[in-house]
Structures are given as structure tokens and as C-alpha cells.
Amino acid sequence: MSAPLLQVEDLTTAFPSDRGPAAVVDGVSLVVDAGEVVALVGESGCGKSMTALSILRLVPPPGRVTGGRILLDGEDLLTLPVPAMRRVRGKQIAMIFQEPGTSLNPVLTVGAQVVEAIRLHEDVSRAAARARTIELFEHVGIPDPSERIDVYPHQLSGGMKQRVMIAMALAARPRLLIADEPTTALDVTIQAQILELLDRLRRELGMAVLLISHDFGIVNALADRVAVMYAGQIVERGTRADLLAGARHPYTTGLLRAMPARAARGERLAEIPGVVPPPSQRPVGCRFSTRCPARFEPCATIDPDWTMRSATHGARCHAVAEGRV
Amino acid sequence: MSAEPILRVEGLRTWFPIRRGVFRRVVGHVRAVDGVDLAVPAGGTLALVGESGCGKTTVGRSILRLVEPQEGHVWFDGTDLLRLAPAAMRPYRRQLQIVFQDPMASLDPRMRVRDSIAEGMDAFRIGANARERTERVAALMRRVGLDPDEMWRYPHEFSGGQRQRICIARALAVEPRLIVCDEAVSALDVSIQAQILNLLRDLQQELGLAYLFITHDLSVVRYLADRVAVMYLGQIVEERAAEELFAAPAHPYTRGLLQAVPSVDPATPGARARVRGDVPSPARPPLGCRFHTRCPEVFERCPVEVPAAYPVDGGTSRCFLVDEARRAGEAGR
């Protein structure tokens, strides 16, 4: 078997705080194979976006990666000199964000921005880059691409801006696309269009995607494999079917049962009591123990190790280890 | 839940002028709400659903007269709120409350939580004195799942879900009969959203509250609504009993919305993008049926005629297909 495209090992990213460094990402390991879509799911503050930014070495200071390895084709990105890392961004790994509006320069036409992105990575003429941009716009479903190339971001709707961002991300033909909540700011009919587009692109281009999302519907639409994050750690991982049909970790099952989409009308929704503890107040033992309906003796003292239920499906949970859930 | 609605909106029209140039001349209007009829069942929930820019938030604000509509009626207990002078409107402000999406924006950051919750009681002289009001605040906080010992804290010391509980307690403080919830759970994580939805449900059952629940989230609508109104470009395109709407949506836009929601069933993953393109500008809505430019089922009548609200099981649909089916049914009889 060949080496995975991306292999993150024991990644830790910390921010300084009054009580010492707070690990917002705390020992995260994950693998993305070529052409595969892996989803990182979790609620606000679980560390999923910071994991993505760590991979690109874009953690906002004073935060920084304090441990682990990030191997792209076996090469550790954390040890690359800055200019080499800059070449990795965009060329090897591209990223799209939740708010396409804030990532576009308002005073340049959208075409000019994509042309610039192409010429940053490839030695081509302006005219050739412009022709490529029109092709890319067409590819991502922007109508009248030869006219839309000359408009400014404010003249486009949110969905069209996200298509421009995707076109720009594809400009250098990256092997991995990191998509951080790519449809969260969009209306549901537009979200459906973007989901179809992302699914088509990854099939046509064989591009791997690391999808960051809080929405199990979106994960179900795109992901091959899923990792669920809680309080800086991955607590359950498996294939899409493992997690959506057979989740075991009480946090994952709690999230799924809290969804109105899965509840019968009028039936009481399952609540997860309390809130995610901030890094400085994480409990000893299992981090979910203070909110967990399945907790028992070891949970408050011993940090649970992985229990594998199959070759693909595992959870970090004492209750799973002892077959209680 | 009785049959008589607590709130009935008729022919509501709220347009916003578009001004240009040095003299701020009116060059057109954004037709945010353009002839809306609605009824909120007493002690029940009407969900008003639609995508950004459809005008659903403006409907909520028009009902409370936070913006002034140009036309229409808002009947509450037999009184047309839109015909009332500001002083006469005051008692109704107590009966109609609103909870917004972003609690941080609706709570004064320099005001202690006790005072934020008691503000309405002060204004409407509920409770004999400050001490009695403080006791009521404590009871309200307990009721919405907050610790009354924290009433002297400031909003920033609470989490997002707790802040939304504060806003709910504040709305409840004046004993309203109807609460407009404008995307009240949209910004919350799913586990917190479940807590707030359960709370709203419990309060409705205990206090007989009616909700006008404004949202873009169809899974929330399916879960809690008795009736559903689907809004597109300033108009209601379908208004039905919730079960009937979800079982057999009667407008292509409603069908498109429902199919666009990504499934959480691993056997049927994905979303279907049947509604193409973007929403047109509400300043220049398409002629004929406003949805015809994006409709997957468009035919000859759609760009030419304006559809009425045709009757359909449990409500109405503003679609010629419903009209055609009805005519065909009558012809066949």
C-alpha cells in the first residue's frame, strides 16, 4: 500500500493563557488518502477549524503548533522552510472558507484574483491565465463566465462568490482541498448546488477533501470517512456508514439524537446537558465525562484509549470498551 | 390549541424605498413584504420559512410595528394593531414579544442580567416594587434553566445558549401571549439548540403561548410547527398544516426546499438541487409567478399570469399546477 496523501500524527496546537498553554488541538491524528473525502465534525470550539489551519501552518498568533507531525506525501510540513511551505499552500493544499465574501478582495475583479492565483503557481501569460479562469468558472458552474470574470465581488451572490473561491482553489490543481464549513453561510437551495458541485469535482478531479463541518447532513452527502472531535480530541472515527448508522461514542450518539431532523414531531429532543468545557476547565479522565449519560467509575479518572469495533470504526470511550453502549 | 387564531395578518405590505443621488430621490422600492396573509393559531406555532431576503424577518418586525407597513391589517384579539396610535399600541407590546437570533446583540452588555430581565416589568409596572421584581426574575431564571444566583452578572459571562435563555426569560417577564422567534435557535450548536427547542416546547404547553417561528431551517420546522407558511420574494407561496405540507408539498418551491436539505440517512445521502440559480432582486420581482425563473416545473401560464392562493389539503398554494389539477378534477366530474 502506498503512503497516504496526508498523515497528521499527534498534532497539538496551543494558545497561551493565564493558566499555561491551552491545547485547542490536543493530540489529533488523522489520515487522508488520495481522492478521499474525510470529514471532521464537531460543535463550535471543538478544535476542528484550528486543526485545518494547523495543517496549512496558518494558526493565528499567539497560537502555535507545539507538537506532532503533518506529513504530506511523507514530508513533514512542520519542518519546511517558509518559502517551501508557501509553495505547498495553493499548489498542493488549497482551502475554502465559510464566508466567501471575506476572502475576496473587494477592489479587484473576481477574474483578476483568479488570474493572479494561477500566475502565482505557474509561469503562464496573463492571456493564458485568463482563458484558464474562464474555463474554471465554467467548470464550477458560473453562468456567462466570459462576462462574470470582469465583475467585482459585491456584484455576486453568496453562492456565486463561493463558486469563485472554489475556482480559485482549483486553479493550481491541488491534491487536497480543505473546505471549512463551505456552505454554512449559504441558503439551503444554494447549499444543495454547492454540495453537488463539490461532489462532482472530487469525482472528476480525484481530489482529496478534508471537510470541516458541524452538520451531519453535509457530512453524509460528501464524506467517505468521518472523525468526530470534542474538546480538542478525536473521540470517534469510522466510515460514513459506521458513524451515521452505528455511532457508539455517547457524544456522537448525543449529537445525532439532538438533531430535530432525526426526531419525531413533538417528541422531546435528546439534550446533551451543559456546554463544551473551555481548555482550562477540561475534566480529568474522559473529557466528555461531565456531560455523559453513560459515565461510570473509570471515566472521571482515566483518559480512555481507543477501542476498535472493526478495522475502520473506533471510539475513545470506557463504556464502548466494556460493551456498555 | 383552539381553531380561532390569536393573530391574523391580512394583505400586509412593507416596502422600503431605494434612494439615489444627491437629493436622495426614491428610485424604486424593495418589496420586502408584498401582500402577506397569515394566521397564528392560539397556543400553537406557525413557522414562517424562507431563504435570506424573502422578507420573513420584515413580516415579524411589521407585526410588532418595529417597522411601519404601508398596507394591511394585523388583527390581534379583534384589534387591528396597524390602526393604533403609539400610546394605544403600548398594552399590546406587552402581549407580543420577540426573541432574536443573536442574544448578544439584543442584550445591553453593560446591564446586569437581573436588570435586563426586569426591564419590561419596570416599564409595565409588573410587581409592586424592586424586591418583588427581583424575586420574579429569580423565578423566571429558574424556569428557563438558569441559576438565579447569577442574576447580578453581565451577559458576556454567559454562554450563547444561556444568553438565549436570558432573552427568553426577558420576553416571558411581561407575560406575553405570543412570542415572535426570529431565527432564535439558528446560531446555536445542535446540542444547545435541542435544549432551547425543548424549553420553548415546555413553555408553550405550560403557558399556552403562541409562537410565530421565523426560520430557514426546515428540520426545526418539521419538529415544532403546527402550521407552516413558506415565503418567497415577499409573498407566501404555500400555507398548510405542517403534517400535510411535509407529506405532500404543493408548491415547487417547497418541494425544492425540502429536497435541498441534505439527508442524515446513510442509505440516502446527499441533497438534490432542483431549484436552480439565485433569488432575483426583491426590488424587481419577476412578472407572473415570482418563482417561475427558478421553477423546475414552469409552464406557459407561469410568466404571464399571477397565481392566486389556490386551496389544497390543509391550506393554500400559490401555484398554477394546483389550479390546473383542481380544474381537471372538476372537468372530470
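Residues numbered from 1 in each chain as written. Chains lettered and ligands numbered in written order. Predicted model: local features only at pLDDT ≥ 70, side-chain atom pairs only at ≥ 80, totals over all residues.

Trainee: In this structure, what is going on with the overall build of chain B? I would like to understand it.
Mentor: If you tally the helices and strands in chain B, you get 11 helices and 12 strands. Here chain B has a C-alpha radius of gyration of 21 Å; the compact-globule value for 333 residues is 20 Å, and the two agree. Burial analysis of chain B (333 residues in total) assigns 47% to the buried set. Looking at chain B alone, contacts between residues at least 24 apart form 64% of all its contacts between residues at least 6 apart. (Helix = DSSP H or I, 4+ residues; strand = E, 2+ residues; numbered from the N terminus. Rg over C-alpha atoms; globule rule 2.2 N^0.38 Å. Buried ≥ 20, exposed ≤ 12 C-beta atoms within 10 Å, placed from the backbone. Contact = placed C-beta atoms within 7 Å.)

Trainee: Explain the overall build of chain A here, please?
Mentor: Of the regular secondary structure elements, chain A holds 12 helices and 12 strands. Since a compact globule built from 325 residues should have a radius of gyration of about 20 Å, the 21 Å found for chain A is in line with a globular shape. Taking the principal axes of its C-alpha atoms as reference, chain A extends roughly 70 × 50 × 45 Å. Classification of the 325 residues of chain A by burial places 49% in the buried group.

Trainee: Sorry, what's going on with the interface of chain B and chain A here?
Mentor: As a measure of interface size, the accessible area lost when the parts come together is often cited. Of the residues lining the interface, 31 residues belong to chain B; the matching set on chain A comes to 37 residues. Secondary structure elements with two or more residues in the side of chain B that touches chain A: α7 (190-207), α8 (218-224) and α10 (252-260) of chain B. Broken down by element, the side of chain B that touches chain A gets its largest block of residues, 6 residues, from α7(B). Residues that form the side of chain B that touches chain A fall into these classes: 15 nonpolar, 11 polar and 5 charged. (Nonpolar A, V, L, I, M, F, W, Y, C, P; charged D, E, K, R; others polar.)

Trainee: Quick question: what am I supposed to make of the pairing of strand β3 (residues 45-49) of chain B here?
Mentor: Look at any regular strand and the pattern is simple: side chains alternate between the two faces of the sheet. Residues and elements named next belong to chain B. When you tally the buried positions in β3, you get 5 out of 5 residues, the bulk of the element. Neither face of β3 is left uncovered, since the one carrying T45, A47 and V49 and the one carrying L46 and L48 both have all their residues buried. Bridge analysis of β3 against strand β8 (residues 210-215) gives 5 bridges, and the strand direction is parallel. Bridge pairing in β8 places A47 opposite F213. Sheet topology places β3 next to strand β9 (residues 227-232); 4 bridges connect them, and they run parallel. Residue pairing in the sheet places V49 in a bridge with V230 of β9. (Pairing = 2+ DSSP bridges.)

Trainee: For this particular structure, what's the right way to read the pairing of strand β1 (residues 5-20) of chain B?
Mentor: Residue and element names in this part refer to chain B. Alignment of β1 against strand β2 (residues 25-41), held across 12 bridges, turns out to be antiparallel. Bridge assignment links L12 to a residue of β2, and that residue is V36. Hairpin remark: β1 followed by β2, antiparallel, with 4 residues in the connecting loop; positive phi at G21, about 80°. Sheet topology note: the β1/strand β4 (residues 71-76) ladder contains 5 bridges and is antiparallel. Note that in β4 the partner of E10 across the bridge is H73.

Trainee: Where do I start with the sheet that holds strand β5 (residues 79-80) of chain B in this structure?
Mentor: Through backbone hydrogen bonds, the strands of a sheet pair up, either in parallel or in antiparallel fashion. Across the sheet, 4 strands lie side by side as β2-β1-β4-β5 (chain B); this open sheet has antiparallel pairing. Both outer strands of the open sheet, β2 and β5 of chain B, are each paired with one neighbouring strand and no more.

Trainee: What is the right way to read the nonpolar core from this model?
Mentor: With 197 residues, the main nonpolar core has A:A39, A:A167, A:L211, A:L222, A:V228 and B:A169 as its most contacted residues. In terms of residues, this core owes the most to one element, helix α7 (residues 158-170) of chain A, which gives 8 residues. What B:A169 contacts, discounting residues up to four positions off in sequence, is B:I117, B:L140, B:M141, B:V144 and B:L146. (Core = buried A, V, L, I, M, F, W, Y, C linked by C-beta atoms within 7 Å.)

Trainee: When you look at helix α4 (residues 113-123) of chain B in this model, what are you seeing that I'm missing?
Mentor: Residue and element names in this part refer to chain B. Taken together, the buried positions of α4 are occupied by V113, S116, I117, A118 and M121. Along its buried surface, α4 packs onto α5 (130-143) and α6 (160-172). Taken from the residues just after α4, R125 is the one with a positive phi, measuring 50°.

Trainee: Hey, could you run me through the sheet that holds strand β2 (residues 22-32) of chain A in this one?
Mentor: Here we have 4 strands laid out as an open sheet, ordered β2-β1-β4-β5 (chain A), and antiparallel in their pairing. Every interior strand has two partners, whereas the edge strands, β2 and β5 (75-76) of chain A, have only one.

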